[in-house]
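# Per-entry structural report
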2 protein chains.
Amino acid sequence: MQGVDPAWLPDVAFRPIGIRRTLIRGSGPLVDTVHGEVAGACERFGGSVSRESGSYDLVLELDGDDGSEGFVYGRGDGCTTVTASGARGLLYGFFHVVRLGETAFLDDARRASYQPESALRMLDHWDNVAVHPVMGQVERGYAGGSLFWEDGRARGDLERVRAYGRLLAACGINAVAVNNVNVHATEARLLTDRIGEVADIAGALRPYGIRTHLSVTFAAPVVLGGLASADPLDESVRAWWAEATARVYTAIPDFGGFVVKADSEGQPGPFAYGRSHADGANMLAAALAPHGGSVHWRAFVYNHHQDWRNRSTDRARAAYDHFVPLDGEFADNAVLQVKHGPMDFQVREPVSPLIGAMPGTRLAVELQATQEYTGQQRHVCWLGPMWSEVLRFGTDGESSVGASARGGLVAVANVGDDPFWTGHPLAQANLYTFGRLAWDPNADPHHVLDEWIRLTFGPGPGPGLAAGLRSILDGSWRTYEKYTAPLGVGFMVQPGHHYGPSVDGYEYSPWGTYHFADRDGVGVDRSVATGTGYAGQYAKPWADVYESPLSCPDELLLFFHHVSYGHMLHSGKTVIQHIYDTHFEGVAEVEAARERWASLVDLVEPARHARVAERFEEQLRSAREWRDQVNSYFFRKSGVADERGRTIY
Amino acid sequence: MQGVDPAWLPDVAFRPIGIRRTLIRGSGPLVDTVHGEVAGACERFGGSVSRESGSYDLVLELDGDDGSEGFVYGRGDGCTTVTASGARGLLYGFFHVVRLGETAFLDDARRASYQPESALRMLDHWDNVAVHPVMGQVERGYAGGSLFWEDGRARGDLERVRAYGRLLAACGINAVAVNNVNVHATEARLLTDRIGEVADIAGALRPYGIRTHLSVTFAAPVVLGGLASADPLDESVRAWWAEATARVYTAIPDFGGFVVKADSEGQPGPFAYGRSHADGANMLAAALAPHGGSVHWRAFVYNHHQDWRNRSTDRARAAYDHFVPLDGEFADNAVLQVKHGPMDFQVREPVSPLIGAMPGTRLAVELQATQEYTGQQRHVCWLGPMWSEVLRFGTDGESSVGASARGGLVAVANVGDDPFWTGHPLAQANLYTFGRLAWDPNADPHHVLDEWIRLTFGPGPGPGLAAGLRSILDGSWRTYEKYTAPLGVGFMVQPGHHYGPSVDGYEYSPWGTYHFADRDGVGVDRSVATGTGYAGQYAKPWADVYESPLSCPDELLLFFHHVSYGHMLHSGKTVIQHIYDTHFEGVAEVEAARERWASLVDLVEPARHARVAERFEEQLRSAREWRDQVNSYFFRKSGVADERGRTIY
């Protein structure tokens, strides 16, 4: 733990509590956790904590334990009170006070109830137990090794896992899946003979209200159980899963459930037996139901052996085409986990039309905190605004994405054993923001960002630092969008590792990720009238909005339409001039952010400042590469000169 | 050895000798080798071998041992004679008889002298001792594992090494470098504490007249010797090399010498100490000279951190620019090893202008038998015609490339532990052809091919098989050229592994491998008048020929010039129509070759037929991918329709 960054829980964040008198009422492990937190703060800052009555500044009270996660918070008569009827609620109420800081003890507040919007707020770790020859210890991980695993076994460093759980609890996360959805041979065995290693991790996360989940392979009955089949309707297969699951619950009584990537990018699934995804998910749901667990079944199913010559196939259509016919068939504790966009975590995608199209199914929406396509934690790219746009998308509040995600909100984790947790220290903001938006999808992300800055950097250095950080992070997602693939077209990255530009990198690939640029124009026609029909997967009014290039929002134009370079955007610019302008602007914005960071040198601790400064050098180099390759590519193809005569190679 | 293909030395090839009476005169280890060969053949076929005088059909006679490699062959009075004044000469004379087969005993022949054109005929193995995480056991190897090394140590299977040496001797090769020119940590130690493993290999190759060479790292004094420097003018460094080399000769008295890749693609070299490549090479030459060894110093030096934006840098220029100023400075036993083209073994390159421009330096010319850029032994691509063109290149015989290569002819090996030696059974023809052309660069490659067919497939199946094989192999290099990068432009491959098309794969890379295609045209201007000046590195008349697109040969046009798609070739076609036509033709030729192979099913042993048939499936798939990607790329860019209206996507 030595040298590990405290992230948004530095000691100083506990000072407002630590100098005061606190009363804690109630009992149970999570109450003990809260008590330990308060007692630790008081030790450091001189306050007191008691379980007796008397005169107090802060009362934290658990009344019963009904399993709920909400709490009531208020302040009056010189006393701040948190009351909860569930143990997790008390924990979250406590961290609510931590986040408020001095405000919690200065401003009177009417008692009000706070509830998470979603019952499941989860991080999926794509961590491998054994180092994968291509993907490494953490698939798409940019923060060093895994917190949980190293070279084929559990790390054993549960101190770090506990600290991680504490950080997660402080932003509202209550579930963690501890291994990669691509389940290789070693990882498969976590379900059976190696469940003890998972139980140890679960034990370290439990004091912070976090339930542990496990990614499993659909082929487990064959590869682990020695059965001839994994057919979900085969009774011996069902019995195998029931027994295996029962053993998991013996080891981990509050186990959360399974995460499954099936019939997806080469992973085994029910198709091999002529069964549906509902058959597959329901078999696991049945095994989990007696114990109160859920299965998270990923909807990331598409043909990854596509022929680029065939323009009628459209990967964007796949999830909807596969799953909408199954609506109503999934068990209550089977959650269909849907990526927020139809492709794969590009910097700009439309919201997946699957979300909202399956009213009879519990859906979870999956976001990606790990910056696979958004700069791999070498670039600053705060994703709060993107996630907020996604979660608020919908015709009205009730049918918004956030409200549709009855099965929870999930993010692919962006942490590792890096001292700063996330490689790029400022990428911590993504993890924090995810937790807070998962609790309240309608929260203002900029407010969340300010909260993260205040907690992480403390009240000390004054407004200059906060303003600087805000200016660096606030627009960083749009900056990244500007210098990378334009107008929603996506995928212009180096194949395989997905870092850095390659405009044609996926243009002739089997992965279904094309832009069809020629000398006249660029973009994918996904209209119903003349294209793949994908636009028709949306409900009104979106089907109409996306159908025509005239109504389609600029930022998604090339996702939905193939247009000429001279096509006029709503912004008043042509497509080609937009490409040039945004790419020059994006790099200029990185230069400005880098300068701004340099100006904060005296306000940030040296190690953290140096780490970010070093990453800015790489971000700038990379952003220039993006700018020049994309501009040159389109200039060479279109022959249209930049209106402003800037250098294009 | 069980199941290993006999390649061009099947038992039946020894029948003409094995049924006859042979007299062998002379003594020494190589005479014993020849005696053993003849005795084995006689055992199988009923003939006799003796070291007494008498009446014989064949006399093999070593008269003294002056180290020469030639022999005198003739037939008259019912007796065939081979006379040599050096032991290797007797060995080569014996295999000359083997290659002639029955002809050697039927047709009278005037005694004539046979001499190798070049004293060094070498295979460089890019074999790693330890499996490299990216490059594997054999860098650019497409024939399984290494013959010499496995998982960090010598294989120990010297039987297979001995069989390999025998195959090489039969086509005239006399030197082998046993490890990769990229010398990693494990491989470095072959020079010192692991020289015993090299000595074992040398012992297995020695009976077939092959000297063993070792690739070493220039940094050896630092990484192995613990010195602070590897400065070639530092006396302690020179002393270290002298001692290390002496110890090598203690272990391997006939050791051939070192191969060095220095200051090249990240390998260490003399530049770090402000010294020249001549300084570096001469230091090693000095260490080797007392023992009769040579250093092969590779000229593959260029900037691999090039900026694609800067069109004035030209990788093609690099070797000439680096080395021509050093002409005359290299020691007698320092050989400058030059790739045959200025880039990197593309299917079509001009001959390197360095060859012929360094009259005061011993040059070796390096070819690539392993098919890194020519189909990776999944495609049929017999390189004989290309090598022959290269070796005969020059204004007249005396200044031809073959004659300029006073330091030897070298090929990067294409063999591994595959049962067929070369992965693709027909790729054996490349290995054989290299040996025969190294012996005689002016040999007709088609004659060599016929010889290989006759030896490998035996006299049995008759003319149908030979004609079929000839038709499949003869034009296969030009077929490969047709469906890949057009008109000498090179590099349109997938980065890293170099298999399959990616037209822009290296277009924005630091490796200096560009084609600059835009909507108007394609190609690299390397003229003196308006380009990088590379054309001016050639002597007359080639400097003039290449300088102008009017005189530049079609097949190299895009290597030397950037021209419009409408530019008219000497062939009477436009560039764009040439691209379309050749790509359709190339695929059609693969289809025809595949059919032809299928028709030979009853004439080829089943395992070999199946292996080739399976590779043809992949070749055809890949050729179609090349055709469609290249055609689509240029159609999308140029907007010019195919004259014949064929399908372009």
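Owing to the predicted nature of the structure, the values given are computational and were not obtained by experimental measurement. Residue positions are counted from 1 within each chain, in the order its sequence is given. Starting at A for chains and at 1 for ligands, labels are handed out in the order in which the entities are written. The model is predicted, so local features are restricted to residues of pLDDT at least 70 and side-chain atom pairs to those at 80 or more, both for listing and for counting; the totals for chains, interfaces and linings are taken over all residues. Excluded from the side-chain calculation are hydrogens and water; included are all heavy atoms of the structure.

## Re the UniProt feature "active site" (unreviewed entry) in chain A
All names here are of chain A. Under the UniProt annotation, the feature "active site" (unreviewed entry) is placed at Glu265, Asp344 and Glu372. Looking at the secondary structure, you find Asp344 in the loop between strand E16 (334-339) and strand E17 (362-368). A 1.4 Å probe rolled over the protein chains alone gives each residue an accessible area, and that area as a share of the maximum for its type sets the label: buried under 20%, exposed over 50%, partly exposed in between. Of the residues examined, Asp344 reaches a relative accessible area of 7% and is grouped as buried. With residues near it in sequence (within four places) discarded, Asp344 still touches Phe300, Arg315, Lys339, Glu349, Glu372, Tyr373 and Phe491. Runs of H or I in DSSP of at least four residues are treated as helices and runs of E of at least two as strands, each being numbered from the N terminus. Looking at the secondary structure, you find Glu372 in the loop between E17 and helix H12 (384-392). UniProt positions are given in the numbering used here, feature names are shortened, and annotations may be inferred rather than shown by experiment. In this description, contact between two residues means that some pair of their heavy atoms is separated by no more than 4.5 Å.

## Observations regarding the sheet that holds strand E5 (residues 79-84) of chain A
Residues and elements named next belong to chain A. Any two strands between which DSSP finds at least two bridges are classified as paired. Reading across the sheet, the 6 strands line up as E2-E1-E3-E5-E4-E6 and stay open at both edges, with mixed pairing between neighbours. Each edge of the sheet is formed by a strand with only one pairing partner; in this case those strands are strand E2 (48-50) and strand E6 (109-114). Across the sheet, the mean angle from the axis of one strand to that of its neighbour is 10°, orientation sign disregarded. Looking at chain direction, strand E3 (residues 58-62) and E5 are connected through 5 bridges and run parallel. Looking at the pairing, Leu62 lines up with Ala84 of E5. Here an axis means a line fitted to C-alpha atoms, over the contact stretch when the element is a helix, while the angle between two N-to-C directions is reported on a 0 to 180 degree scale.

## Points about the sheet that holds strand E14 (residues 257-260) of chain A
All names here are of chain A. Reading around the barrel, the 8 strands line up as E7-E12-E13-E14-E15-E16-E17-E18 and close back on themselves, with parallel pairing between neighbours. With strand direction ignored, the average angle separating the axes of adjacent strands in the sheet is 25°. As defined by bridge partners, E14 adjoins strand E15 (residues 294-298) across 4 bridges and the pair is classed as parallel. By the bridge assignment for E15, Phe258 is matched with Val295.

## Overview of the relation of the copies chain B and chain A
Here the copies were fitted onto each other by least squares, based on C-alpha atoms from residues at pLDDT of at least 70 in both. Overlaying chain B on chain A yields an RMSD of 0.0 Å, the required transformation being a rotation through 180° with an accompanying axial translation of 0.0 Å. Given the turn and translation reported, the copies of this chain are related as if by a two-fold rotation axis. The fraction of interface residues of chain B whose copies in chain A are also interface residues reaches 95%, indicating that both copies meet through the same surface.

## A closer look at the pattern of salt bridges
All names here are of chain A. Between Lys or Arg on one side and Asp or Glu on the other, a salt bridge is scored when a side-chain nitrogen of the former is within 4 Å of a carboxyl oxygen of the latter. This model, assessed by the stated rule, comprises 92 salt bridges over all chains. In this structure, the salt-bridge partner of Arg20 is Glu102, at a minimum N-O distance of 2.9 Å. In this pair, Arg20 sits in the loop between helix H1 (15-18) and strand E1 (21-25) while Glu102 sits in the loop between helix H3 (87-100) and helix H4 (103-106), placing the two residues 82 residues apart along the sequence. Between Glu389 and Arg348 there is a salt bridge, with the nearest N and O atoms lying 3.2 Å from each other. Highlighted residues: Glu389 in helix H12 and Arg348 in the loop between E16 and E17, separated in sequence by 41 residues. The network of salt bridges with shared partners includes Lys482, Lys573, Asp581, Glu585, Glu589, Asp642 and Arg646.

## With respect to the interface of chain B and chain A
Each partner contributes to the interface: chain B provides 22 residues, whereas chain A provides 21 residues. Buried area counts how much accessible surface, traced with a 1.4 Å probe, disappears from two parts once they are put together, with both parts' losses summed. Interface area for chain B against chain A, summed over the two sides, is near 2200 Å², with a carbon-plus-sulfur share of 47%. Among the residues of chain B in contact with chain A, Arg309, Arg519 and Arg636 of chain B are the three that bury the most area, contributing 38% of the side total. For the interface between chain B and chain A, the tally reads 6 salt bridges. Between Arg309 of chain B and Asp628 of chain A there is a salt bridge whose closest N-O contact spans 2.5 Å.

## What to know about the nonpolar core
Only buried residues count toward a nonpolar core. Its members are Ala, Val, Leu, Ile, Met, Phe, Trp, Tyr and Cys residues joined through side-chain atoms within 4.5 Å. Membership of the largest hydrophobic core comes to 204 residues, with the highest contact counts inside it found for Trp8, Trp241 and Phe634 of chain A. Looking at which element gives the most residues to this core, the answer is helix H20 (residues 575-599) of chain A, with 9 residues. Leaving out residues up to four positions away in the same chain, Trp8 of chain A has contacts with Leu167, Ala170, Cys171, Gln428, Leu431, Tyr432, Trp452, Leu455 and Thr456 of chain A. Counting residues in each nonpolar core, the second largest holds 203 residues, with Val129, Ile252, Leu336 and Val448 of chain B among its members.

## Observations regarding the confidence of the model for chain A
Within a predicted model, pLDDT stands for the predictor's per-residue confidence, ranging from 0 to 100. Looking at chain A as a whole, the pLDDT averages 96, with 99% of positions reaching at least 70. Complex prediction metrics read pTM 0.93 and ipTM 0.90.

## Here's the deal with the domain arrangement of chain A
Residue and element names in this part refer to chain A. Domain start and stop points were drawn from an automatic or database domain assignment. Once the domains are mapped, chain A shows domain 1 (11-114), domain 2 (121-456) and domain 3 (481-524 + 562-638). Domain 1 and domain 2 are separated by 32 Å when their C-alpha centres are compared. With 14 residues of domain 1 at the interface, the matching set in domain 2 holds 19 residues. Summed over both sides, the interface between domain 1 and domain 2 buries roughly 1300 Å², with carbon and sulfur atoms accounting for 52% of that surface. Taken together, the connections running from domain 1 to domain 2 amount to 3 salt bridges.

## Topic: the packing of H3 of chain A against helix H5 (residues 158-171) of chain A
Residues and elements named next belong to chain A. For the pair H3 and H5, interaxial distance at closest approach is 8 Å and the crossing angle is 80°. The angle between H3 and H5 places the two elements in the roughly perpendicular class. Residues Leu91, Tyr92, Phe95 and Arg99 of H3 pack against Arg166, Ala169, Ala170 and Cys171 of H5. Classes in brief: Ala, Val, Leu, Ile, Met, Phe, Trp, Tyr, Cys and Pro nonpolar; Asp, Glu, Lys and Arg charged; the others, Gly included, polar. Among the residues forming the contact of H3 with H5, the class breakdown is 6 nonpolar, no polar and 2 charged. Angular relationships are summarised with four words: roughly parallel below 35 degrees, roughly antiparallel beyond 145, roughly perpendicular across 65 to 115, and oblique for the angles in between.

## Concerning the pairing of strand E18 (residues 408-412) of chain A
Residues and elements named next belong to chain A. The element E18 is largely enclosed, with a buried count of 5 among its 5 residues. Alternating positions in E18 separate into two faces, Gly408, Val410 and Val412 on one and Leu409 and Ala411 on the other, with burial throughout. Judged from the 4 bridges that link them, strand E7 (residues 121-124) and E18 form a sheet pairing that is parallel. Looking at the pairing, Arg121 lines up with Leu409 of E18. Two strands pair when backbone bridges link them, and E17 and E18 are joined in this way by 5 bridges, in the parallel orientation. In the sheet register, Leu367 faces E18, and the bridge partner there is Ala411.

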